[in-house]
Amino acid sequence: TLTANSINITSSTNTINAGGGADVFSGTASGWSLTNSLNELTDNIFTFTDVTSANLSGESLTGTTGTDTFDMTGASLTANGIAVSGVANNQVNTNGGEDVFSGAANGWSLTGTANELTDSIDETYTFTGVTGANLSGQVLAGSDSADTFNITGGTLTANSINITSSTNTINA
């Protein structure tokens, strides 16, 4: 059942244009997922297009298995063009893929756990399930735990994450 502005919607397509603006999403057991298109969210039943700002009401956010973009501006997150807030535990499951991370003032940090990154200065969000990270020319820092760095043929893998477009200096 879809409820929009306290109105129960019973006969609708499964694609809804959110119309831009600041929207609040809630009530899904499975959480919310990005799609392969910018400004779209889905609960695996309904797909919302033209989403520019989404408060997820403490529910989870999952990326696609393709390429997603995650941009940090201070403590604010933009994911695939959507200004996102209210994410459960401030943790985003990137769901693998070769994702693009940008905007973190002091770059990105490993957390000490395989396939995890966080923004270095605020550590506002933790990104799990990271298999590939394009760091948009920003710095990568190690954690205060024992990290694993492997260089094969000029490719850096750190804590099981294939790192690209980082500076060549890593604060391990």
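The sections below set out a description of the structure shown in this document. Note that residues are indexed from 1 along each chain, following the sequence as it is written. For this predicted model, a pLDDT threshold of at least 70 governs which residues receive local features, and a threshold of 80 or more governs which side-chain atom pairs are given and counted, while totals over whole chains, interfaces and linings are taken from all residues. Excluding hydrogens and water, the side-chain values take into account all heavy atoms of the structure.

1. Some words on the overall build of the protein
No. 1: Under the DSSP-based scheme used, a helix requires at least four consecutive residues in state H or I and a strand at least two consecutive residues in state E, with every element numbered from the N terminus. The helix and strand tally for the protein stands at zero helices and 19 strands.
No. 2: For the radius of gyration, the atom set is restricted to C-alpha positions; the globular benchmark scales as 2.2 Å times the number of residues to the power 0.38. Relative to its length of 172 residues, the protein is compact, with a C-alpha radius of gyration of 17 Å against a globular reference of 16 Å.
No. 3: For the protein, the spread of C-alpha atoms along the three principal axes comes to 55 × 30 × 25 Å.
No. 4: Here, two residues are considered to be in contact whenever any of their heavy atoms come within 4.5 Å of each other. Contacts in the protein between residues at least 24 apart in sequence constitute 68% of all its contacts with a sequence separation of at least 6.

2. Digging into the packing of aromatic side chains
No. 1: Ring pairs are drawn from Phe, Tyr and Trp, using the six-membered ring of Trp, whenever the two centres fall within 6.5 Å, and their geometry is named by plane angle: stacked under 30 degrees, edge-to-face over 60, tilted for the rest. Applying the stated criterion to the full structure yields nine aromatic pairs.
No. 2: Look at F25 and F48: their rings are 5.1 Å apart centre to centre, the planes differ by 75 degrees, and that puts the pair in the edge-to-face class. Pair noted here: F25 is in the loop between β4 (22-24) and β5 (32-34) and F48 is in strand β7 (residues 47-49), with a separation of 23 residues, a long-range link.
No. 3: Here F48 falls in the buried class, since its relative accessible area comes to 9%. For the exposure calls, accessible area comes from a 1.4 Å probe over protein chains only, and a residue counts as buried if that area is under 20% of its type's maximum, exposed if over 50%, partly exposed in between.

3. Quick look at the layout of surface pockets
No. 1: Reported here for the second largest pocket is a volume of approximately 170 Å³.
No. 2: Counting only elements with at least two residues in the lining of the second largest pocket, the list comes to β18 (155-158) and β19 (161-171).
No. 3: In terms of residues, the lining of the second largest pocket owes the most to one element, β19, which gives seven residues.
No. 4: Ten residue types, Ala, Val, Leu, Ile, Met, Phe, Trp, Tyr, Cys and Pro, are classed as nonpolar, four, Asp, Glu, Lys and Arg, as charged, and the remainder, Gly among them, as polar. Residues that form the lining of the second largest pocket fall into these classes: four nonpolar, seven polar and no charged. For each structure, a 1 Å grid was placed over the protein atoms alone; sets of points admitting a 1.4 Å probe that cannot get out are labelled cavities, open sets with protein on both sides within 12 Å along at least five of seven lines are labelled pockets, and lining residues have an atom within 4 Å of a point. Grid points are joined across faces, edges and corners, and a volume is the space filled by probe spheres set on the points.

4. Comments concerning the side chain of D99
No. 1: One can find D99 in strand β12 (residues 98-102).
No. 2: Identification of polar contacts relies on pairs of N or O atoms within 3.5 Å, with a donor-acceptor requirement for protein atoms, meaning one able to donate a hydrogen and the other able to accept it, and with residues adjacent in sequence counted only if both atoms are side-chain atoms. Within the structure, D99 has its side chain in polar contact with the backbone nitrogen of D68 (distance 2.9 Å).

5. Regarding the pairing of strand β8 (residues 53-62)
No. 1: Here, strands pair whenever DSSP counts at least two bridges between them. Alignment of β4 against β8, held across three bridges, turns out to be parallel. Looking at the pairing, A22 lines up with S53 of β8.
No. 2: Judged from the two bridges that link them, β5 and β8 form a sheet pairing that is parallel. Across the sheet, residue S33 finds its bridge partner in β8, namely T62.
No. 3: Across six bridges, the pairing between β8 and strand β11 (residues 82-93) is parallel. The partner of T62 across the bridge, within β11, is N93.

6. Remarks on the side chain of T47
No. 1: Position of T47 relative to the elements: it lies in strand β7.
No. 2: Residues contacting T47, with those up to four places away along its chain left out, are N14, T15, I16, T35, E40, L41 and T42.

7. Describing the nonpolar core
No. 1: If you look at the biggest cluster of nonpolar residues, it comprises 34 residues, and the most contacted ones within it are L41, L56, L61, F101, L117 and F127.
No. 2: Sort the elements by how many residues they give to this core and β11 lands first, with four residues.
No. 3: When residues no more than four places from it in sequence are discounted, the contact partners of L61 are W32, L34, L41, L56, A79, V84, V87, Q91, V92 and N93. As used here, the term nonpolar core means buried Ala, Val, Leu, Ile, Met, Phe, Trp, Tyr and Cys residues forming a set that is joined through side-chain atoms within 4.5 Å.

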